[in-house]
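Survey of secondary and tertiary structure
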Amino acid sequence: MTAGLAILAAGSSTRAGVDKVTAELGGSAILLWSLAAAEASGVFAAIVVVAPPDRMPGVAGLVGSRARVVPGGATRTASSWAGLDALRGHGIVAIHDAARPFATPSLFTTVVAVATEYGSAVPGLAVAETVRRADLAGRAVEEVDRTGLWTAQTPQAFQRTVLERARAAAGDRSFTDDAAARHRAQRGRAARAGRASELQAHLDRGRRLRPGARREGAGRDRRAAPAAMTMPRCGIGYDIHRLVPDRRLVLGGVRIDHPTGLAGHSDGDVLAHAIMDALLGATALGDLGTHFPSDDPAYAGADSIGLLERVVTLVRSEGYRIGSVDASVIAQAPRLAPHLAGMRDRLSRALGIEYLAVSVKATTNDGLGIVGAGEAIATLATVIVEKMSEP
């Protein structure tokens with residue numbers, strides 16, 4: 001069964017507090033975060049954006065040829081059904097709210113896989129806060145046991161027949177999400193649920209994570225933040241590999257469909273290699289060839305993300321914390337923009353840092369040199385690390 005995705009951006013945005021289509025987050029429109037992650041997942045044969053009828057031209061200009069824009073309805077449920085109609089021919093339909101921009105490519109992949117096997121998939125977050133029930137006057141009357149409570153998130157994925165039955169049973173009723181409609185249609189039968197990333201929870205948390213955002217106690221959100229640090233240190237890494245036939249193309253741990261791949265003793269992932277060299281340079285721990293010699297058969301065909309994780313372990317064992325990574329991939333072809341979110345997700349997990357602390361950009365060489373001739377791909381990476389001191 002092929003899978004299609006509907007990104008819902010037709011609401012009034014009253015709960016989000018901002019325009020979920022055009023408001024910027026980390027330098028990109030909120031809608032484009034979800035679109036990039038969905039594209040990077042590689043699991044969708046078609047993507048549609050459900051937009052307000054009066055704003056369709058503007059939304060179409062924003063997404064370009066990356067997705068088809070269709071008009072939404074007066075309610076979320078009506079917009080979901082509009083997305084369902086636009087994705088006819090696809091056995092799996094995923095629904096995602098544009099106001100939740102932190103869904104990762106792997107989350108899209110997971111819900112589609114689970115829905116294919118079980119009929120539906122709903123990612124969720126376990127309720128961590130204390131929950132109290134209040135009376136009509138607003139007075140807390142009891143504390144609710146949060147055991148087994150979780151909040152439903154998106155993307156949610158369903159086999160088409162499941163959603164069609166839900167639609168028929170719903171009639172004119174409206175639901176807060178598609179899982180609720182499915183639940184009603186199947187008389188309370190439980191949907192297959194799984195935990196989403198913590199970053200998936202709420203748009204306001206996304207604002208706090210945005211570069212440059214300030215709030216009291218922001219430092220507590222950083223992973224493994226030490227009590228004190230010395231001055232930051234910077235490292236620069238560079239790598240270039242030829243493109244050759246009969247090799248798969250892997251960049252940042254993401255496999256890309258292309259007629260040629262990168263030559264190399266390992267999998268040839270120049271992006272991961274440049275970041276490793278930058279980390280080793282920033283910490284004065286040698287270079288890539290010192291740790292992973294190209295004539296060592298142990299590294300023949302090695303997964304470069306696995307090697308990166310080993311470098312990260314070494315860097316941390318020396319008392320350093322990785323702050324941020326910025327990389328530029330220089331390639332004449334293929335077009336890398338649809339894959340950048342997936343690279344950032346894969347690299348951030350390998351590095352053990354937040355997604356927003358990893359930047360991956362793509363550029364061409366304007367037809368100059370071996371890279372400009374489409375015969376090679378190069379990468380330049382810069383990292384910031386900090387030496388952790390004892391509290």
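Quick summary incoming for the structure in this document.

Thoughts on the overall build of the chain
Each helix and strand in the chain was counted, giving 12 helices and 19 strands. Counting over 391 residues, the chain shows a buried share of 48%. The contacts in the chain between residues at least 6 apart in sequence include a share of 72% that link residues at least 24 apart. Per element, the accessible surface of the chain, about 18,800 Å² overall, is 51% carbon and sulfur.

Examining helix α3 (residues 76–86)
Most of α3 sits inside the fold, with nine of its 11 residues counted as buried. All of the buried residues along α3 are R76, T77, S79, S80, W81, A82, G83, L84 and A86.

Focus on a nonpolar patch on the surface
Taken together, I236, Y238, I240, I370 and L380 make up a surface patch of nonpolar side chains, about 450 Å² in accessible area. By residue number, the principal contributor to the nonpolar patch is strand β13 (residues 228–244), which donates three residues. Positionally, Y238 belongs in strand β13. Judged by its relative accessible area of 46%, Y238 is partly exposed.

A few points about helix α10 (residues 304–317)
An ideal rise of 1.5 Å per residue puts 20 Å on 14 residues; α10 measures up with 20 Å between its terminal C-alpha atoms. Those residues of α10 that fall on the buried side of the exposure criterion are S304, I305, L307, L308, V311, V312 and V315. Projected onto a plane normal to the axis of α10, the buried residues spread over an arc of 150 degrees and lie on a single side. Seen from the open side of α10, the exposed residues pointing more than 90 degrees away from its buried face are T313 and S317. Looking at the buried side of α10, the elements it contacts are α8 (270–282), β17 (320–330) and α11 (340–351). One side-chain oxygen at the N-terminal end of α10 lies 3.1 Å from the backbone nitrogen of I305; it belongs to D303. G319 occupies a position one or two residues after α10 and carries a positive phi of about 90 degrees.

Focus on the pairing of strand β9 (residues 140–144)
Taking burial as the measure, the five residues of β9 include zero buried ones, a minor fraction of the element. Relative to β9, strand β8 (residues 131–134) runs antiparallel, the two sharing four bridges. Within the sheet, the bridge partner assigned to R133 lies in β9 and is E142. The antiparallel hairpin formed by β8 and β9 contains five residues in its connecting segment, where G138 sits at a positive phi of about 90 degrees.

Thresholds applied
- Residues numbered from 1 in each chain as written.
- Predicted model: local features only at pLDDT ≥ 70, side-chain atom pairs only at ≥ 80, totals over all residues.
- Heavy atoms only, no water.
- Helix = DSSP H or I, 4+ residues; strand = E, 2+ residues; numbered from the N terminus.
- Buried < 20%, exposed > 50% of the residue type's maximum accessible area, 1.4 Å probe, protein only.
- Contact = heavy atoms within 4.5 Å.
- Areas by Shrake-Rupley, 256 points an atom, 1.4 Å probe, with all protein chains shown as cover.
- Patch = residues over 30% accessible without salt bridge, like charges linked within 9 Å, V, L, I, M, F, W, Y side chains within 5 Å.
- Salt bridge = Lys/Arg side-chain N within 4 Å of Asp/Glu carboxyl O.
- Expected span 1.5 Å × (residues − 1).
- Arc of directions from axis to C-beta.
- Polar contact = N/O pair within 3.5 Å; in protein donor to acceptor, adjacent residues only side chain to side chain.
- Pairing = 2+ DSSP bridges.

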